[in-house]
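Spelled out from the first residue to the last, the chains are:
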Amino acid sequence: MCVRNIFFLLFIVIPALEIVVLVLSGKAIGIWPTFTLIVTTGIIGVFLAKKQGLSTFQRAKYEFMNGRIPSDALLDGVCILVGGTLLLTPGFITDTVGFILLLPFAREKIKPWLVRLWKRMFYEKTWIYIRK
């Protein structure tokens with residue numbers, strides 16, 4: 001997938017879908033219940049991301065102290081960071097993806113896919129970085 005397509009998806013398609021879902025939700029259950037759901041998922045997301053993030057940090061620290069590379073903990077940390085960020089973003093689609101990323105059993109299914117993606121990006125040299 002080309003970088004241009006990813007940016008189009010992230011900044012045009014997903015926000016447009018979120019607006020559609022929010023409008024439909026507002027019509028179906030009302031404006032204030034929709035607003036309450038959005039705020040509630042944000043608060044729950046912050047709580048879950050903080051709790052799981054601290055736990056993952058402790059696990060990574062423990063592995064470092066025992067001379068091991070905390071690769072599994074780092075992958076969990078990336079998933080928790082992205083999941084928490086998505087839960088802070090208003091919308092039901094991003095909230096769903098965010099909650100999925102915060103579920104430990106779902107992360108176990110996602111982490112191998114992340115490893116394959118990063119390996120492919122390294123081998124194809126598709127990383128963009130700025131060198132000072």
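Quick caveat, the model's predicted, so the values are computed rather than measured.

Visitor: Would you explain the packing of helix 2 (residues 31-65) against helix 3 (residues 71-88) in this entry?
Guide: When two helices pack together, you describe them by how their axes are tilted relative to each other and by the distance separating the axes. Interaxial distance between helix 2 and helix 3 falls to 9 Å at its minimum, and their mutual angle equals 165 degrees. It follows from the interaxial angle that helix 2 and helix 3 lie roughly antiparallel. Both helix 2 and helix 3 take part in a crossing whose hand is left-handed. Residue-level inspection shows Thr41, Gly42, Gly45, Val46, Ala49, Gln52, Gly53, Thr56, Arg59, Ala60 and Glu63 of helix 2 in contact with helix 3, the latter providing Ser71, Asp72, Ala73, Asp76, Gly77, Ile80, Gly84, Leu87 and Leu88. Taken together, the residues of the contact of helix 2 with helix 3 sort by class into seven nonpolar, nine polar and four charged.

Visitor: Can you help me understand the packing of helix 2 against helix 4 (residues 92-102) in this one?
Guide: In contact at an axis separation of 11 Å, helix 2 and helix 4 are set at 25 degrees when each is read in the N-to-C sense. What the angle tells us is that helix 2 and helix 4 run roughly parallel. In terms of crossing hand, the pair formed by helix 2 and helix 4 is left-handed. Contact with helix 2, carried on its side by Thr34, Leu37, Ile38, Thr41, Ile44, Gly45, Leu48, Ala49 and Gln52, involves Phe92, Asp95, Phe99 and Leu102 of helix 4 and no other residues of that element. Here the contact of helix 2 with helix 4 is composed, by residue class, of eight nonpolar, four polar and one charged.

Visitor: Help me out: how do you make sense of the side chain of Glu63 in this one?
Guide: Following the sequence through the fold, Glu63 ends up in helix 2. Buried charge without a partner: Glu63 forms no salt bridge, and the closest opposite charge is Arg59, 4.3 Å away. Not counting residues up to four positions away in its chain, the partners in contact with Glu63 are Arg68, Ile69, Pro70 and Ser71.

Visitor: Whenever I open this one, the UniProt feature "transmembrane region" (unreviewed entry) in the protein chain confuses me. Can you help?
Guide: With numbering matched to this structure, UniProt assigns "transmembrane region" (unreviewed entry) to residues 6-24, 31-49 and 80-106. Along residues 6-24 one finds 100% helix and 0% strand; the C-alpha atoms at either end are 26 Å apart. Across residues 31-49, helical content stands at 100% and strand content at 0%; the span's end C-alpha atoms are separated by 27 Å.

What counts and what doesn't
Residues numbered from 1 in each chain as written. Predicted model: local features only at pLDDT ≥ 70, side-chain atom pairs only at ≥ 80, totals over all residues. Heavy atoms only, no water. Axes fitted to C-alpha atoms, helices over the stretch in contact; angles between N-to-C directions. Helix = DSSP H or I, 4+ residues; strand = E, 2+ residues; numbered from the N terminus. Parallel < 35°, antiparallel > 145°, perpendicular 65-115°, else oblique. Left-handed = near helix turned anticlockwise from the far one by under 90°. Contact = heavy atoms within 4.5 Å. Nonpolar A, V, L, I, M, F, W, Y, C, P; charged D, E, K, R; others polar. Buried < 20%, exposed > 50% of the residue type's maximum accessible area, 1.4 Å probe, protein only. Lys, Arg positive; Asp, Glu negative; His and termini not counted. Salt bridge = Lys/Arg side-chain N within 4 Å of Asp/Glu carboxyl O. UniProt positions renumbered as here; feature names shortened; annotations may be inferred.

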